[in-house]
Every structure is written in C-alpha cells, then in structure tokens.
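Geometric and topological summary
Single-letter residue listing:
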Amino acid sequence: MRVIEVPASLDYRNVEVLYRQCGADDAGPVLFDARRLSWIDPNGMLLLLAAGKVAARSGTLPRISLPAQQEVTEYLDRMGFHHAAAGIFKSGVRRRRRSHSVSDVLLEITPVTTNSDVHDVVDRVQSRAGAILSNTLHYPPSAVVRFSVILSEVCQNVIEHAEAPGWVAAQAYNWRKRLGRHVAVIAVSDLGCGFRASLEAEHAARFGDRWGDATALEAAFLLGLTRFADTGRGQGIQQIRKQVGRWHGILSIRSGTARIADTPDWSSRPPLEEGLTRFPGSQINIILPERIG
Amino acid sequence: MSRADEPSDSNEAGESNGRACAMSKGPAPPLTIDVGAIASDAVAQARPDLVTRPTGRAVRAAIEVRISRIARSPSVSLLDFTRVRILDFSCADEVVAKLLVRYMRRDRPREAFFLFRAVGDIHRHAVEEVLGRHGLAAVCDLGGGYELLGSATEEERTAWRTLEHRGRISLSELAAEFGEQGVPVIRGLADRRVAWCGRRGDARALSEIARNP
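None of these values were measured; they are calculated from a predicted model. (Residues numbered from 1 in each chain as written. Chains lettered and ligands numbered in written order. Predicted model: local features only at pLDDT ≥ 70, side-chain atom pairs only at ≥ 80, totals over all residues. Heavy atoms only, no water.)

Sheet strands line up and pair through hydrogen bonds in the backbone, either parallel or antiparallel. Residues and elements named next belong to chain B. Read across the sheet, five strands follow the order 1-3-5-6-7 without closing on themselves; strand pairing throughout is mixed. With one partner strand each, in any of the chains shown, strand 1 (28–34) and strand 7 (146–150) form the two edges of the open sheet. Taking each pair of neighbouring strands and ignoring which way they run, the sheet shows an average axis angle of 30°. Where strand 3 (residues 75–80) and strand 5 (residues 112–117) come together, six bridges link them in parallel fashion. From the neighbouring strand, L78 faces strand 5, where its bridge partner is L115. Together, strand 3, strand 5 and strand 6 (137–141) form the strand contacts of helix 3 (residues 89–104), whose direction differs from that of strand 5 by roughly 160°. Across the sheet, helix 5 (residues 154–166) is in contact with strand 6 and strand 7; its angle to strand 7 comes to roughly 160°. (Pairing = 2+ DSSP bridges. Helix = DSSP H or I, 4+ residues; strand = E, 2+ residues; numbered from the N terminus. Axes fitted to C-alpha atoms, helices over the stretch in contact; angles between N-to-C directions. Contact = heavy atoms within 4.5 Å.)

The next thing to look at is the pattern of salt bridges. Residues and elements named next belong to chain B. Throughout the structure, instances matching the rule amount to 35 salt bridges over all chains. Notably, a salt bridge pairs R83 with D34, separated by 3.0 Å at the nearest N-O pair. Of the two residues, R83 is situated in the loop between strand 3 and strand 4 (86–87) and D34 in strand 1; the sequence distance between them amounts to 49 residues. Among the residues examined, R83 registers a relative accessible area of 49% and is labelled partly exposed. The exposure class assigned to D34 is partly exposed, which follows from its relative accessible area of 25%. (Salt bridge = Lys/Arg side-chain N within 4 Å of Asp/Glu carboxyl O. Buried < 20%, exposed > 50% of the residue type's maximum accessible area, 1.4 Å probe, protein only.)

This paragraph deals with unusual backbone geometry. All names here are of chain B. One non-glycine residue with positive phi stands out, namely T52, at about 80°. The topology assignment puts T52 in the loop between strand 2 (49–50) and helix 2 (53–68). Classification of T52 by relative accessible area gives buried; the value is 0%. Positioned with a positive phi, R193 is a non-glycine residue whose angle comes to about 70°. Considering the arrangement of structural elements, one finds R193 in the loop between helix 7 (182–191) and strand 9 (196–197). Relative accessible area serves as the criterion here: at 1%, R193 is assigned to the buried category.

See below:
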C-alpha cells in the first residue's frame, strides 16, 4: 500500500507537498495518513477529497487516517469534510449527519454538480456571509452580494468548463501571525478536463508551440478567452479578478501543471508557476483580507 | 408573432441611420414584467436570485413569451428588478444583453423596447459590465430617475438626456437643438432601442411612453 503523508499544515501555501505525492498515474491501494494534520484550510480539504477520488481510479478506494487532534477532526466535521468524504475513502471516515444549527462556517464543503447547486451555494452564503464580511472583514454591506456573485461565477466555471463535478468551500480565519488580519478563504476544485483541454479545440492553434497548461491559463485568465464563441462568455473569471483585486485579495488557478495568480503586495506568490506535478481538473483559490484603514 | 404579422411600417425599424424612422403608430401601453417573480416562480425554486446562465436563459425566454403576447407592436416593456436579490454576470448577460441584442437584430421577432426599472446598486455593476462588453446601451432607473447605462458616444448621451428631460421632441426642435446631426443621432438611439421615433420624425423618451402611452 502506498502511503501519502499529509503534512501537518495543509493550506493554500503548501498544497504542492500533497500534489507531489499524488501523481495521477500512480496505481495501487493508497492510504492518506493525516494523523499529524494540525491545520487545514478549504484548499487543503478539497485537495484531500480530489486526491482521494484520483487514487480511487486505480480501482480501490483509498483509506484515510484522520487527524489525531480531536479539535482538527471536529473542525473537519463542521466543514462537512466527513460528509463529503463518504464514498471517496474506504474507511476511517465516519459519515455524520449534517447539522442544520447555526454554524460558524462560511460555507461547508458543497458539491457543485448542477446549476441548482450554485443557487444553493448563493442562498446559503447570503444568509451567513453578511456578518463575517461586515464585522470580521469590515467590508461594506454591499459586499455580501458581490461575494455571492464571485461564488456563483466560480462555481459555474466548474459546471460549464470542467464538464465534471466539483466542490466549493469557504471559511474565515484570523491570520494574526501571518498577516495581522482576518481573511476569508474560498476554494473551488474539480476533477474535470482542466483549462488546457477546455480551450484546446478553439484556441490551441493560434498559440502554436507555446500551447500548454500555462498558456491555456494565461489565455483564460489574462485574455478572457473561452471555448464558447459567444461574446458574452469568458467574463466570469475577468469579473472575479476585478472584484478580488478591489478587495486586495489573491486569486489563483491551478490546472494541469501550472498555476496562475493575481497577487496583492502582501503576498509573495509568483504570478505564474510551471512544471508542477500534473493533477486533473482545476483548483481555484481566493483569499480576501480584512479591510484596514 | 412573426415579422410577417407585424405592421408593415415597422419593418424598417432598426435599419441604418438615414432611413425614415420606423414606427408610425404609437406604442402599446407598457407591460411591466416582474423579473424577480419570473425567477422565483419558474426557475429558481422560489428564490429571486438571478444567478447562472441557464437561469438567465430561462428568464429571458419567459420575458420573450410575455412580450409576444402584447397585442400591438411596437411595445415598451418595463423590466422590474425590485425583487431581484442578486444578479451575477452570466445572468445579466442573458437577461439584459442578449435580450437587447435579440430585439436590435434585423430578424427580431417584433418591435420591442425596454426600460429596466429598480436597477439598484446590487444590480448595476453587472448590468453595466455586460452592456459594455456587447457595446450596448440601456435605459435604467437607478433609483433617482432613468439614466442611459452602457456604451454611448458623448453626442448620443447629450441627445438622450435632452430627450429624457423633455419627454418628446419634434423634428423641427431636433434640428434646432442639435443641428443637422440631431436627426441621425436620435434615429441611432432608436436603432439601439433607447429612444422611440415616430414616422414624422418626432422622438419620444421611453420613460415618457411608460408614463403616457
């Protein structure tokens, strides 16, 4: 059995540690050893689910050893990880009934399969996001609508372009040491065709030898290209970029072997990374910092 | 209703500037369409959220059905956003931009003009973005009266504001106010569905038609 060591901290900064261990082509039974896990954000959670799905393609459902720290396991539970993981991992995940009580979670892990799911996400977030965006991030009251629009557009990207199901999750954190501010973290992940395949038929020829994962991401992210000929298409990502930029946030998209990002001055992440471990689908990360001043 | 069913004098509407203004008869009494109710009732499981492209397509289709039932052509419809809680860009593209594009095309199903009412702060950004992307303009009530949103030249904006202020302008007033460029500019606005021209060259603001059909 191949053992994948889940790092003690699994958030947007070090997800590559896990990607490197989960090459899509590896076969055989897999155990995700998450016993040391002490910190995880929505990006880490969705990556665990996606990696589990990829591992299951070998024909055997992977196993997962849950974190030893009870508070981490409870946090995963509040985020809906156990619910989402049922059916992806063989055992070690107790499927718990989702609580309908008031939650401190911005958005639990939610499957994105149909347009109805997008409506559910928007509905749920509108009832919860207001207090977090106003009181914690100090955004204006109108931010809840713009936040919902971001979620709507980013989830539609999964349905319309990935041609495969995905997940979305969001949570607010106090990055006291890291940034001295609160942030909201939104993660969206799918195991679909990825940006390169989505755009290939329409746009690969014009880029010639340059065509690849990074070029495809640049085409969608910077140029607003889409596989649809319709003038109105391709604006979702552009509008998300604009809004996240106004809030001085990070927007990054990983697809295939590349990642592209808009990064504010408080982040040291590069705008483009190439040569990453190949992984199916696309993974979108949005971080919105607390407004100061 | 097909183009063949329309009054013959409407067939030239929307063609290039320099032609006679298209409409000879007055427009039909305005039809108010509650966009939020359409979204809630027919599409989004009782939620007045205009999100996702399929939702937008379905809402636009429902709007077109209602327009098609108006007995007279041309018509002015008031698309009321009061109850729309959220409008994303994909939905705005379908409900606003594609609707306008459809009724600007030569093969449009009928002569229809639109006023967008109660376009609040939560809707305005998406509406402006999609109008700009398509090079369109729309007459929108932003809470303090109707304004021209979207793409327009300074000349067009000035002419539109004058028309909106006055409500109606005759051919002679047009020439006196704007010189020889006045008539083609107003006709251009009518082609873009943000003003209405009668056969005799007089022009009416869409909001004035809504008030006094």
